[in-house]
Amino acid sequence: MNNGEKIYIDCKDDLFAIQKAIDNLPAEGGTIIIPKGEWLTGPIHLKNNVELHLEKDSVLKFSQNFSDYTPAVFTRWEGVECYNYSPFIYALNCENISITGKGVLDGQGPAWWHWKQLQGNAADRLCKAQSQNIPVEKRVFATEEDALRPSFIQFIGCRNVFFEDFTIINGPQWTIHPVYCENVQALNLTVKSCGPNTDGFNPDSCKNVLIEDGGAAGPPAGPGGGGRLHRHKFRS
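Residues numbered from 1 in each chain as written. Predicted model: local features only at pLDDT ≥ 70, side-chain atom pairs only at ≥ 80, totals over all residues. Heavy atoms only, no water.

A.B. asks: Just to check I follow, could you spell out the environment of N170 for this structure?
C.D. replies: In this fold, N170 is placed in the loop between β14 (167-169) and β15 (176-179). By relative accessible area, N170 is classed as partly exposed at 22%. Taking the C-alpha atoms as reference, N170 lies 9.5 Å from W113; in sequence the two are 57 residues apart. Those residues in contact with N170 that sit more than four places away from it in its chain are D106, G107, Q108, G109, P110, W113, F152, K192, S193 and C194. (Helix = DSSP H or I, 4+ residues; strand = E, 2+ residues; numbered from the N terminus. Buried < 20%, exposed > 50% of the residue type's maximum accessible area, 1.4 Å probe, protein only. Contact = heavy atoms within 4.5 Å.)

What follows is the structure, encoded as structure tokens:
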């Protein structure tokens, strides 16, 4: 666990309690601890030297209110840069950040999954914008009409990223999505989701990535069948 300041979250009626705690940490960072129990939160934006730690039997559920994930942030949606809904846990150009512990992150993804059928027009416009070299700052989405689902966890341009032990379920789209990151370790994670495009772990233009002793369970294998948990080891 991070050696800096430690803050236990104790407020269940404030969607932004975790973010406020992160914002109040000193420059040297610290650890935000989610105790046992069920907690509801909005998006979480990490900063340098911050660890989000999930105690055993904690469940962190993310808001199903789409507007909680605005204003739009810089992101990469299926390989194309734009501004869109905030990922549920997000970091931009940070160092020494981590998510650890034996708790559960629950994206409550079914609220978003039907957008798969609605995203075609916006996805086409985004691809066209890239082909025409339209500046990224003008590729702004983040509306229900556009229906471009965010990633669950997305860190962009970060160094020294560490994930360990947690279970993550039912994200809106790609589940763990480091982009332009360096020195990423993911140890003993469990990913479970049966939604569309809810890939387990997508390193995207990253360097030095280690994924070890993790498992991912996808949609059911067939009528009446359950998705199998697959264990993986990957190094780049």
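A.B. asks: For this particular structure, what's the right way to read the sheet that holds strand β12 (residues 153-156)?
C.D. replies: As summarised here, the arrangement of the four strands in space is β4-β9-β12-β15, forming an open sheet in which the pairing is parallel. Of all strands in the sheet, those bounded by a partner on one side alone are β4 (44-45) and β15. (Pairing = 2+ DSSP bridges.)

A.B. asks: Where do I start with the packing of aromatic side chains in this structure?
C.D. replies: In this description, a pair of aromatic rings is defined by centroid distance and the angle of the planes. Under the criterion given, the structure shown has 15 aromatic pairs. Seen from their ring centres, F62 and F152 are 5.4 Å apart, and the 80° between their planes marks the pair as edge-to-face. In this pair, F62 sits in strand β6 (residues 58-62) while F152 sits in the loop between α3 (120-131) and β12, placing the two residues 90 residues apart along the sequence. There is no split in this pair, since F62 and F152 are both buried. An aromatic cluster of at least three residues, connected via ring pairs, comprises F62, F66, Y69, Y85, F88, W112, W115 and F152. Taking the ring centre of W39 as reference, the NZ or CZ of K12 above it sits at 4.7 Å. (Phe/Tyr/Trp six-rings, centres within 6.5 Å; stacked < 30°, edge-to-face > 60°. Lys NZ or Arg CZ within 6 Å of the ring centre and 35° of its normal.)

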